[in-house]
Amino acid sequence: MRGTRKSFRLYLVALALFLAGTGYLLYAGFSEGSAYFLEVSEALAMPPEKLNAVKVFGTVRAEGLSREGQRVSFLLQDKNDPSVFLPASYAGTIPDGFKPGAELILDGSYEPRSKVFKAQSLITKCPSKYKKENRT
Amino acid sequence: MHLAGYFLLCACFLLALALAGACLLQLRGLFPDALRWAERGNALFTLCFTASCAVLIAALVRSDFSFVYVFSHTDRALGFFYRLTAFWAGQEGSLMFWAWTMALCGACFPLLRGYTTLPEEVKLWYWAFYGCVLAFFCLVLTAWSTPFQAFSPAPEDGNGLNPILQNPGMIFHPPLLLLGYGGFTIPGCLALACALSRELGNEGPSWAERTRPFILMAWLTLSAGIILGAWWSYMELGWGGYWAWDPVENASLVPWLAASAYLHTAVIEARRGKLLRVNVFLMALITVSAFFATYMVRGNVVQSLHAFGDSAAGLPLLLFVLLSLIVSAYVSLTAPAQSEPLADPLSREGLLACVAWVFLALGIMIVLATLWPVISKLWSAQSVGLTPAFYNRACLPLFTLLALLLCACPWLGWGGGLTHKFQAGAAALLFVLALVVFLVMGISKPLALVSAAAAVGVASSLCLYCGAVPGTLRLPRALAAHGVHLGFALMVLGVAFSGPYKQETTASLAPGNSVTLGGYTLRLDALEQNDSFVHDNPTPEAAQKARTAAGDMPRYIFVEAKLSAFLNGKPAGELRPQARIYAKRPEQISLESDTLFGMGTEVYATLHGLDDQNKAQLTLSLNPLVNWIWAGGILLSLFPFLGMAKRGRGDG
């Protein structure tokens, strides 16, 4: 019986160690890898200084789209309210399917001085009429 | 034909309900001969369901565009093989395929000795659970997500299969996953049935032993499906990565983690007769987590790169998941089972239990992280999501911990203590040596360093163990486990290097220009095209051109970059990445990347298109040891076949 109790205690110790370790990993992960996931209207409603390293979802507006080599600037429009939009720019490889009306996921931060959202990464979502395991 | 298919599904729904109901009645003593009827009913169910699938397959083969499903996922230009595989290209079809694999497994099981020798009560409970699951599937397929929706009048041509799905990896990835999901249902239902009939831990073969072929087959197809998906993503999507921690990828990983946790606790039950109730719950959890994963990605719960259409099946799926979870937890908790407590944590038994903890912790973390944008809404006005950096920081170390546990496990006795002190010491020494060598080689990131050394540690531990206990090599089941673990070690090694040590650059090159990247020089020799390829903003004219091209010539127009690679000045090979515009998808450029295969460093090139001055827009990357992931994946998916062998003496 004593052996069982000792073994039980050892398991408690192992569990505590394990939980502490996972807790630390979660803490570290959260501080490195959490970001606001925002629609355009939500992003505009937030104080600009909080828009640091966020993910914004929206669609590309037809007007205001200009590209120069690997650099593109455009207006990102709210999915539900077309009257709300956010000026954005991106430099890098422009992926498949980037065009007016394309749904985008932008990672980056808002620059209050130029009032432009600078995207570090730009991903296009596939149009939802293709109900498949799409991604680009 | 739509109606025939649909009514067959309706008939299946009623049959499954009747099957479950009849068995429950017999259990209450109200319908004495229900079991015989249930067995026949199941055969009839499989027949009807297969016929219903045949209706859909026939429509796909005949390109019958009066089926909305056929219209949405195929077109006339698509080859026969791809038309057939469009069966699982959409949500309705993949749910149907999943149910079909379940039905086929369910039809095979009664023919096996594992079933015929079961006590009657267990059989009745088994059919009751199994019937409920089948009925739920048929309900979803008839009410919310039917593949038999009709168009009238039928369109001339279909939408076509998305080009990125036209790849061998993508053909086999979904059915393998679904086979895995489906295969776990049989053992899941039997485990619950045994728990309810007080059959846990009794004389005779356990439920796990009886359904062993299903368990192993499901695990290996699920593993192969996930690995094939990663390979497809690496080869086809043009970003040179294999895992993006996207909700859809996470969803397939969660049932796999639950299944892998179970495989380890199952060994404790088989060898030591412990953890009987835990195993029942884990087995049921695998199936439930597969449903939950489907809910997570199909129910529009979280934003994903994968755009699925709005699905009405979300809420029913969630309710079914909750109900199954409650039933499984209740049944396994209340099951009478006597077993000894576990031995010390520092025993083989204890380490196996710890391995299961780690797998489950990973599963829970991944589910929570995937749902974080939804959960965070509880206290935050804006949803907060987690980026791949979170997963890499929080989850990858646990995979490394698994590899470390695996280094130690062979050397511990079941009850505790070291079994082969000399070899165990040698294995520990090799681990430390690997650590030092990698450090000297310049691997300074702690996680990559420990992971790489652990991978070497696992491999050397396994070899030393087989040397110390030569009998292991004659036991197919032990050999299967060692093979799978070796595969896992190779994958850990591949991920440890290819993740943090990948080098990437983008370049805009005219023919004759070159770019250097980590010792490699890549020169653009020529650009070839089969038609005038309009640069990265396809115009209506380009679309028209693509359409005309599709008439008699190719289904797409392309531009191809001929790249020569040189390593330290010496020719290393040639790469030919393409960018294509498919006639049916003129608004989208499809990327066909190319690689220069290498077990050391693999060169990877993607052509995104041409710019205004006809310069090739390229992304080039060097991926160290990436092919070890696929090599390990192959071992991991093939070795379980050995484990299906009959149990040998002293085999685990």
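Residues numbered from 1 in each chain as written. Chains lettered and ligands numbered in written order. Predicted model: local features only at pLDDT ≥ 70, side-chain atom pairs only at ≥ 80, totals over all residues. Heavy atoms only, no water.

### Details of the pattern of salt bridges
Residues and elements named next belong to chain B.
Okay, so step 1: For the coordinates displayed, the defined rule picks out 17 salt bridges over all chains.
Okay, so step 2: The salt bridge involving Asp64 is made with Arg62; its shortest N-O contact spans 3.9 Å.
Okay, so step 3: Here the salt bridges do not stand alone but share partners, grouping Glu528, Glu560, Glu574 and Arg576 into one network. (Salt bridge = Lys/Arg side-chain N within 4 Å of Asp/Glu carboxyl O.)

### With respect to the side chain of Ser461(B)
Okay, so step 1: With respect to the secondary-structure elements, Ser461(B) resides in helix H19 (residues 446-468).
Okay, so step 2: In contact with Ser461(B), not counting residues within four places along its chain, are Cys407(B), Pro410(B), Trp411(B) and Ala427(B). (Helix = DSSP H or I, 4+ residues; strand = E, 2+ residues; numbered from the N terminus. Contact = heavy atoms within 4.5 Å.)

### As for helix H1 (residues 2-27) of chain B
All names here are of chain B.
Okay, so step 1: Taking 1.5 Å per residue, 26 residues should reach 38 Å; H1 reaches 38 Å between its end C-alpha atoms and fits that length.
Okay, so step 2: Along H1, the residues classified as buried are His2, Gly5, Leu9, Cys12, Phe13, Leu15, Ala16, Leu19, Ala20, Ala22, Cys23 and Gln26.
Okay, so step 3: Looking at the buried side of H1, the elements it contacts are helix H2 (34-61), helix H5 (91-108) and helix H7 (120-143).
Okay, so step 4: After H1 finishes, the residue Gly29 shows a positive phi value of roughly 80°. (Expected span 1.5 Å × (residues − 1). Buried < 20%, exposed > 50% of the residue type's maximum accessible area, 1.4 Å probe, protein only.)

### Things to note about the pairing of strand S2 (residues 54-60) of chain A
Residue and element names in this part refer to chain A.
Okay, so step 1: Among the seven residues in S2, seven count as buried, and that is most of the element.
Okay, so step 2: Bridge count for strand S1 (residues 34-39) against S2 is three bridges, and the pairing is parallel. Bridge pairing links Glu39 to Phe57 in S2.
Okay, so step 3: The handedness of the S1 to S2 crossover, carried by helix H2 (residues 40-45), is right-handed.
Okay, so step 4: By the bridge criterion, six bridges tie S2 to strand S6 (residues 103-111) in an arrangement that is antiparallel. Looking across to S6, one finds that Gly58 is bridged to Leu104.
Okay, so step 5: Bridge count between S2 and strand S4 (residues 71-77): two bridges; the pairing is antiparallel. Bridge pairing in S4 places Val60 opposite Leu76. (Pairing = 2+ DSSP bridges. Right-handed = clockwise from strand over helix to strand, strands pointing away.)

### Overview of the environment of Glu63(A)
Residue and element names in this part refer to chain A.
Okay, so step 1: Among the secondary structure elements, Glu63 is positioned in the loop between S2 and strand S3 (66-68).
Okay, so step 2: Residues Glu63 and Ala14 lie 49 residues apart in sequence; the distance between their C-alpha atoms is 60 Å.
Okay, so step 3: A polar contact of 3.2 Å, which involves the side chain of Glu63, links it to the side chain of Arg61. (Polar contact = N/O pair within 3.5 Å; in protein donor to acceptor, adjacent residues only side chain to side chain.)

### Some remarks on the nonpolar core
All names here are of chain B.
Okay, so step 1: Counting 177 residues, the largest nonpolar core has Phe49, Tyr126 and Trp207 as the members making the most contacts within it.
Okay, so step 2: Those residues in contact with Tyr126, other than ones at most four positions away along the chain, are Gly106, Phe109, Tyr115, Ile186, Cys189, Leu190 and Ala193.
Okay, so step 3: Residues Leu509, Ala579, Leu596 and Leu620 belong to the second largest nonpolar core, which totals 26 residues. (Core = buried A, V, L, I, M, F, W, Y, C linked by side-chain atoms within 4.5 Å.)

### Overview of the packing of H2(B) against H7(B)
Residue and element names in this part refer to chain B.
Okay, so step 1: At a minimum axis separation of 11 Å, H2 and H7 run at an interaxial angle of 30°. In this view, H2 runs roughly parallel relative to H7, as classed from their interaxial angle. In this structure, H2 meets H7 at a crossing whose hand is left-handed. On H7, the residues that touch Leu35, Ala38, Glu39, Asn42, Phe45 and Phe49 of H2 are Glu120, Lys123, Leu124, Trp127, Tyr130, Leu134, Cys138 and Leu141.
Okay, so step 2: Grouping the constituent residues of the contact of H2 with H7 by class yields ten nonpolar, one polar and three charged. (Axes fitted to C-alpha atoms, helices over the stretch in contact; angles between N-to-C directions. Parallel < 35°, antiparallel > 145°, perpendicular 65-115°, else oblique. Left-handed = near helix turned anticlockwise from the far one by under 90°. Nonpolar A, V, L, I, M, F, W, Y, C, P; charged D, E, K, R; others polar.)

### Focus on the sheet that holds strand S11 (residues 616-624) of chain B
All names here are of chain B.
Okay, so step 1: Strand order across the open sheet formed by four strands is S2-S11-S10-S9, with antiparallel pairing between neighbours. Bordering the open sheet on either side are strand S2 (503-509) and strand S9 (594-596), each of which pairs with just one other strand. Averaged over all adjacent pairs, the angle separating strand axes in this sheet is 20°, with direction ignored.
Okay, so step 2: Where S2 lies against S11, seven bridges are found, and the strand directions are antiparallel. Bridge pairing in S11 places Thr505 opposite Leu620.
Okay, so step 3: Docked against the sheet, helix H11 (residues 212-236) engages S9, strand S10 (601-610) and S11, running at close to 55° with respect to S10.

### Here's the deal with the packing of H11(B) against helix H12 (residues 247-272) of chain B
Residues and elements named next belong to chain B.
Okay, so step 1: Interhelical geometry of H11 versus H12 gives an angle of 140° and a closest axis separation of 10 Å. Of the possible angle classes, the one that applies to H11 and H12 is oblique. Viewed along their axes, H11 and H12 form a crossing whose handedness is left-handed. Counted together, Ile215, Trp219, Leu222, Ser223 and Ile226 of H11 and Ser252, Leu253, Pro255, Trp256, Ala259, Ser260, Tyr262 and Leu263 of H12 form the full contact between these two elements.
Okay, so step 2: Looking at the contact of H11 with H12 residue by residue, the classes come out as ten nonpolar, three polar and no charged.

### A look at the packing of aromatic side chains
Residues and elements named next belong to chain B.
Okay, so step 1: Going through the model one piece at a time under the given rule, you end up with 45 aromatic pairs over all chains.
Okay, so step 2: Aromatic pair Phe87 and Trp100: ring centres 6.0 Å apart, planes at 35°, arrangement tilted. Separated by 13 residues along the polypeptide, Phe87 in the loop between helix H4 (80-85) and H5 and Trp100 in helix H5 bring together distant segments of the chain. Assigned by exposure class, Phe87 and Trp100 land together as buried. (Phe/Tyr/Trp six-rings, centres within 6.5 Å; stacked < 30°, edge-to-face > 60°.)

### Details of the confidence of the model for chain B
Residue and element names in this part refer to chain B.
Okay, so step 1: Residues of chain B with pLDDT of at least 70 account for 92%, and the chain-wide mean is 85.
Okay, so step 2: Taken together, the stretch residues 534-538 has pLDDT below 50 and engages in twelve contacts with residues farther than four places along the chain or on a different chain.
Okay, so step 3: For this predicted complex, the interface confidence reaches an ipTM of 0.78, while the overall pTM sits at 0.88. (pLDDT = per-residue confidence, 0-100.)

### Concerning the state of the cysteines
Residue and element names in this part refer to chain B.
Okay, so step 1: Inspection of every chain in the model, using the stated rule, returns zero disulfides over all chains.
Okay, so step 2: Cys138 supplies the cysteine sulfur nearest to Cys10, a cysteine that is in no disulfide, at a spacing of 9.0 Å.
Okay, so step 3: Its sulfur unpaired, Cys407 is 10 Å from the next cysteine sulfur, which belongs to Cys409. (Disulfide = S-S within 2.5 Å.)

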